[in-house]
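So the chains spell out like this:
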Number of protein chains: 2
Amino acid sequence: MAWKAPLRDMQFVLQHWLRVDQSWPQLAAYADVDLDLAVQVLEEAARFSEQVLAPLNASGDRQGCRLEQGEVRTPDGFPAAYRAFVEGGWPALACDPSLGGQGLPLVLEAALQEMLFGSNHGWAMYTGIAHGAYLCLKSHGSAALQARYLPGIVSGQTLPTMCLTEPQAGSDLSLLRSRAEPRGDGSYAVTGNKLFISGGEHDLSHDILHLVLARFPDAPAGSRGLSLLLVPKWQGNGERNAVYCDGLEHKLGIRGSATCALRFEAARGWLVGQPHGGLAAMFVMMNSARLHVGLQGLGHAEAAWQQARDYALERRQMNTPGQAKAAQGADLIHLHPAMRRALLELRVRSEGMRALAYWAAHWLDIAAFADEPEQRAQAATLAALLTPVIKAAFTEQGFSLASKALQVFGGYGYTQEFAIEQTLRDSRIAMIYEGTNEIQANDLLLRKVLGDGGEGVALLLGELRTEAAASSGRAATELGGACDKLQAVLANVRSMAAGDPEYPYRAAGDCLQLCATVLQAFAWARTARCIEALPALAAQRREKQESIDFFFDYLLPDLDRQVAAVAAAAAPLPFIAEAF
Amino acid sequence: MAWKAPLRDMQFVLQHWLRVDQSWPQLAAYADVDLDLAVQVLEEAARFSEQVLAPLNASGDRQGCRLEQGEVRTPDGFPAAYRAFVEGGWPALACDPSLGGQGLPLVLEAALQEMLFGSNHGWAMYTGIAHGAYLCLKSHGSAALQARYLPGIVSGQTLPTMCLTEPQAGSDLSLLRSRAEPRGDGSYAVTGNKLFISGGEHDLSHDILHLVLARFPDAPAGSRGLSLLLVPKWQGNGERNAVYCDGLEHKLGIRGSATCALRFEAARGWLVGQPHGGLAAMFVMMNSARLHVGLQGLGHAEAAWQQARDYALERRQMNTPGQAKAAQGADLIHLHPAMRRALLELRVRSEGMRALAYWAAHWLDIAAFADEPEQRAQAATLAALLTPVIKAAFTEQGFSLASKALQVFGGYGYTQEFAIEQTLRDSRIAMIYEGTNEIQANDLLLRKVLGDGGEGVALLLGELRTEAAASSGRAATELGGACDKLQAVLANVRSMAAGDPEYPYRAAGDCLQLCATVLQAFAWARTARCIEALPALAAQRREKQESIDFFFDYLLPDLDRQVAAVAAAAAPLPFIAEAF
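Residues numbered from 1 in each chain as written. Chains lettered and ligands numbered in written order. Predicted model: local features only at pLDDT ≥ 70, side-chain atom pairs only at ≥ 80, totals over all residues.

Draft legend 1. Expanded view of the overall build of chain A. A tally of regular secondary structure across chain A gives 19 helices and 9 strands. Over its C-alpha trace chain A gives a radius of gyration of 24 Å, about what one expects of a compact globule, namely 25 Å for 580 residues. Across its three principal axes, chain A shows a C-alpha extent of roughly 80 × 70 × 60 Å. Put simply, chain A has 580 residues, and 59% of those count as buried. Considering only residue pairs separated by 6 or more positions, chain A has 74% of its internal contacts joining residues 24 or more positions apart. (Helix = DSSP H or I, 4+ residues; strand = E, 2+ residues; numbered from the N terminus. Rg over C-alpha atoms; globule rule 2.2 N^0.38 Å. Buried ≥ 20, exposed ≤ 12 C-beta atoms within 10 Å, placed from the backbone. Contact = placed C-beta atoms within 7 Å.)

Structure, rendered in structure tokens:
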């Protein structure tokens, strides 16, 4: 019952759902990439995840990290797994060939990340931010900084961190106090205390590159006064930089990941991007990180589904209704209606999320490499819209599906004898970090829907309606209806927001969930169309058809609740008082 | 930010919502009990829970239990807390005065249990089954067994266990293999392996009374061949009985509770009730336990609400929409719309559950002590209907509200620095044990709604419609409408079940949630009526009015989703196959 990479479904999404063999040739950077190569890469990544990472998942959780005289010891096997990761060339997967990268599409990077997080979330925390940091440096770093530090990120010789949070500043970056003072030699002295820094110190890579938000002495207050500094663990002269790990968090989950309190004491750093322009530079990294966090939700959902399925196919309890007494005294529990419902929801939601997450990554590929500037801009807009939905909705699903899977195990699920309780614990963080899910909802509705006059949503709805038009039967009707509802709800929110500016903040969470459901309808409508390419008798086609039916029968009706919930938020919300 | 017993709301429910000063005098057994006495009892229980149990909650979780040469060492402070519990007379609270009990109403026992579970779930596991075992022995034990063992349960000198589960038999008791063979002296030799036995061995009480389901040699197969045996840890002659603790489970939560694997090796036991009549006897205990588990959900919800509120009233992040920049750079987070929504949901759901749980306990009081047999029977029917709803819906809320509260803490909520991650872990078990929530749903719909021709539901709807008729304004309309929907849905399920016997099994979970929402509407409609007794300017009245509005505005709309979900379950559910 070990975790297995869902290669068959990954290939299905690439081949039939995204049709990469038609789209990659249109992007010059990927002209040499085809489905066969992609499948080979995924198979290699699957081997690494199944054989190297998955076996360290439970032991890494139990052992956790240790802080010894300022040095962090990660769980047994973690450093060796990282060496294997580097030797496999995985950090370079989607990096520029001119920098030593393999130049493969981001959609493959997304599939890789899904496997890393699905097989061992704790370990994958060390590498999870690397591609974001690569993009950040590549877009905002000076030529000198790029030349010095990008090759190490691409090769995996160095691992980056994202140093934002301080004790008083979590969601609110405007409250950051860390300072950066010019040293007069082009470098800066960075001073401050950073909290919850994943991989802030560890024994996986020799060097660690901290990307730190801090303020110059002349900086304006608030988030517009933040600058981004690169602070390496080791200075050029081979001396340790003044960055100290003062403590590790004891956490509900991802215990194999070292979550550090870092102290910078006039540590030497270099400016990335413009003075006071730290937020813009950091958001390149953050957007990549948010998509990766959504992939964590997918990874947990898939892991939960596999565990629940395998257990339900072995465990016998009670007779199913309307069946003759089972020969062995009881039926396998996967036959019971309540268990079938839970299992189908696990499978269908996981597969739907996979299609959508890879779709978002595919738009990022188009945004980076399409010939036409307008096509690039539109793709970037779509990816920006999809990112908060994927981050928030998928992580919520990752946690809630882990809980559903745990329920399939009954009392055994509550014990450490099975991995599902760890999946539940690990999955919970993804709803919080890289911007809480509430912040994602505000980002989506306030900034990206109401903030841009509606062009982004129109673009997205255009994509969905194109699919509805190409579909037939129930899929066409259901997707068309879902698009109508989304469009009406958002128009109504926009018009009501004029008279009640707080309303969209009250409705944002439900709006995001509504978008997620409509996107799932899109995913399954397109699946309904593309399974026609599969042999009529193929098991995969039959299973996909069952998933499509289950989605439209059992899951899509949730849409009306979300529509009603957005409407309900028109009512005022009272304030909470101190206990009296 | 320590846990506080919600005394004010408890008193509100007793005084205004249940109007115990009118109902207790009608029950001869409680003729001497009035509100003043009840409040005194609750205040004492609050002191015990706040001062003795709550301080051991985190340390008990961290320390856990140890098994040393067959003896279980509970966490530091647990045995002393139990001695204080016994000295306080708490085990006797709702027991018969003729047996040394205090003869107080079960509704006070429910409030006590809420406090015990809310302040320290792990510790409260040791005492949680005691009242059920008392009722079981009292109704099914022989006079000799009662004389010998009831006083010890009432005084707290002994603690009982419920020994049902075996490795191959969790939800399915028909698969139990433990055996009981007559010894010829009136006692039985009990042999078998029991799993997940809470408090199966510990150092709180000297003696432990195991209530064990086992089979006689001539027993029929299945659950009708089960007999209930009382197996004490110590035999009359002062020798240890042949019951051995072979291991403790390592669990996601309730780590202060010793969850034991027990081995019975021809241990001496005594029959409780009839041969092969074990299920009937055990269900007296189980029904009590199920209500207690529902109270765990309530206890966790209340604890989660308190933690989230206290944190949100202290932590500052970002500016609330439409407000001037806060003087201190950021606003308190309880002012943000998304946080207000979460906090209000925590408070409103907790308070609604409290009213309903105490209502169920109140029906049990009436079932036990009303003069008229018909009134007793009707009260018992109502309590039986309410029990699975309370067990399943409240425990699901306990867990999901703990997760909502954790979200309010942001990254801090994921660390062990705050108690909320423990609340999340502890709360999860309640959805599983004493019959999984899926089994509760089947119990409600298949046995108690469809199984009895509809009389029980008619009785319940009668109570709800009486309240709607007494209400006015929005509460009357909303509750009336909710009753109509429930009635229509259940009638439809009944008629569809004739042609599709599996349908109710597919719909059972949503039917239960639907019932829970209608009951919440009832709780808040009655609250709307009874706050008229409060002074117009009272803070409590204003807060309750806000809760009523929030419930009808934000939470009741969920009802339509549940109606739609029951309808959706008319679609067939495919079967899961092995991975191919």
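Draft legend 2. Main features of helix α6 (residues 106-119) of chain A. Over its 14 residues, α6 of chain A runs 20 Å from end to end, which matches the ideal 20 Å to within 8%, given 1.5 Å per residue. For α6 of chain A, a buried count of 14 out of 14 residues is recorded, marking the element as mostly surrounded by other parts of the structure. (Expected span 1.5 Å × (residues − 1).)

Draft legend 3. The arrangement of the relation of the copies chain B and chain A in detail. Superposition record for chain B on chain A: RMSD 0.0 Å, screw rotation 180°, translation along axis 0.0 Å. Here the two chains are linked by the operation of a two-fold rotation axis. Within chain B, the C-alpha atom positioned nearest to the axis of rotation is that of Arg561 of chain B, 2.6 Å from it. Here 100% of the interface residues in chain B have copies in chain A that are interface residues too; the copies meet face to matching face. (Least-squares fit on C-alpha atoms with pLDDT ≥ 70 in both.)

Draft legend 4. Fine view of the interface of chain B and chain A. Between chain B and chain A, the residue contacts involve 66 residues of the former and 66 residues of the latter. Elements supplying a minimum of two residues to the side of chain B that touches chain A: α10 (278-312), α11 (337-369), α13 (420-428), α17 (503-530), α18 (539-555) and α19 (558-568) of chain B. Looking at the side of chain B that touches chain A residue by residue, the class counts come to 34 nonpolar, 15 polar and 17 charged. (Nonpolar A, V, L, I, M, F, W, Y, C, P; charged D, E, K, R; others polar.)

Draft legend 5. Representation of the environment of Leu514 of chain A within the structure. All names here are of chain A. Locating Leu514 in the fold gives a position in helix α17 (residues 503-530). The buried category is assigned to Leu514, around which 26 C-beta atoms lie within 10 Å. Sequence separation of Leu514 and Arg561 is 47 residues, and the distance between their C-alpha atoms is 8.9 Å. For Leu514, the residues in contact, after removing those within four places along its chain, are Leu486, Val489, Leu559, Gln562, Val563 and Val566.

Draft legend 6. Representation of the nonpolar core within the structure. The biggest cluster of nonpolar side chains holds 415 residues, and the ones touching the most others in it are Leu229 of chain A together with Leu229 of chain B. When sequence neighbours within four positions are dropped, the list of residues in contact with Leu229 of chain A reads Ala180, Tyr188, Val190, Val212, Ala214, Gly269, Trp270, Leu271 and Val272 of chain A. (Core = buried A, V, L, I, M, F, W, Y, C linked by C-beta atoms within 7 Å.)

Draft legend 7. Just the environment of Thr436 of chain A, in detail. One can find Thr436 of chain A in the loop between α13 (420-428) and α14 (437-449). The buried category is assigned to Thr436 of chain A, around which 22 C-beta atoms lie within 10 Å. The sequence separation of Thr436 of chain A and Ser171 of chain A amounts to 265 residues, and the corresponding C-alpha distance is 7.4 Å. If we ignore the near neighbours within four places in the chain, the residues touching Thr436 of chain A are Ser171 of chain A together with Gln407 and Gly410 of chain B.

Draft legend 8. Broad picture of the pairing of strand β3 (residues 158-163) of chain A. Residues and elements named next belong to chain A. Buried residues dominate β3, accounting for 6 of its 6 residues. Covered by surrounding structure in β3 are Thr158, Pro160 and Met162 together with Leu159, Thr161 and Cys163, the residues of both alternating faces. Here β3 pairs with strand β6 (residues 207-215) via 6 bridges, running parallel. Residue pairing in the sheet places Pro160 in a bridge with Leu209 of β6. (Pairing = 2+ DSSP bridges.)

Draft legend 9. Representation of the packing of helix α10 (residues 278-312) of chain A against α13 of chain A within the structure. Residues and elements named next belong to chain A. Following both chains from N to C, one finds α10 and α13 inclined at 165°, their axes separated by 10 Å at the closest point. The angle between the axes of α10 and α13 places the two elements in the roughly antiparallel class. Where α10 crosses over α13, the handedness of that crossing is left-handed. Two secondary-structure elements touch here, α10 through His300, Ala303, Ala304 and Gln307 and α13 through Ile420, Thr423, Asp426 and Ser427. Its residues placed into classes, the contact of α10 with α13 shows 3 nonpolar, 4 polar and 1 charged. (Axes fitted to C-alpha atoms, helices over the stretch in contact; angles between N-to-C directions. Parallel < 35°, antiparallel > 145°, perpendicular 65-115°, else oblique. Left-handed = near helix turned anticlockwise from the far one by under 90°.)

Draft legend 10. Just unusual backbone geometry, in detail. Residue and element names in this part refer to chain A. Non-glycine residue Arg19 carries a positive phi angle of around 50°. For Arg19, a count of 13 C-beta atoms within 10 Å corresponds to the partly exposed category. Positive phi values are uncommon outside glycine, yet Ala266 reaches one of about 50°. You can see Ala266 is positioned in strand β9 (residues 259-272).

Draft legend 11. Representation of α13 of chain A. Residue and element names in this part refer to chain A. Taking burial as the measure, the 9 residues of α13 include 9 buried ones, the bulk of the element. Of all the positions in α13, only Ile420, Glu421, Gln422, Thr423, Leu424, Arg425, Asp426, Ser427 and Arg428 are classed as buried. In this fold, the buried residues of α13 make contact with α4 (57-63), α7 (121-127), α10 and α12 (373-408).

Draft legend 12. View of the environment of Ala124 of chain A. All names here are of chain A. Position of Ala124 relative to the elements: it lies in helix α7. A sequence separation of 71 residues divides Ala124 from Leu53, and the C-alpha atoms of the two residues are 8.8 Å apart. Dropping the residues within four chain positions of it, Ala124 is found in contact with Leu116 and Phe117.

Draft legend 13. The confidence of the model for chain A, seen in detail. Taken over all residues, the pLDDT of chain A has a mean of 96, while the share at 70 or more is 99%. Listed scores for the predicted complex are pTM 0.97 and ipTM 0.97. (pLDDT = per-residue confidence, 0-100.)

Draft legend 14. Highlighting the packing of α10 of chain A against helix α11 (residues 337-369) of chain A. Residues and elements named next belong to chain A. The contact between α10 and α11 brings their axes to 9 Å, and the two run at 150°. Relative to α11, α10 is oriented roughly antiparallel. Pair α10 / α11 crosses with left-handed handedness. Where α10 abuts α11, its residues Leu291, Gly294, Leu295, Gly297, Leu298, Ala301, Glu302, Ala304, Trp305, Ala308, Arg309 and Ala312 lie against Met339, Ala342, Leu343, Leu346, Arg347, Arg349, Ser350, Met353, Arg354, Ala357, Ala360 and Ala361. By residue class, the composition of the contact of α10 with α11 is 16 nonpolar, 3 polar and 5 charged.

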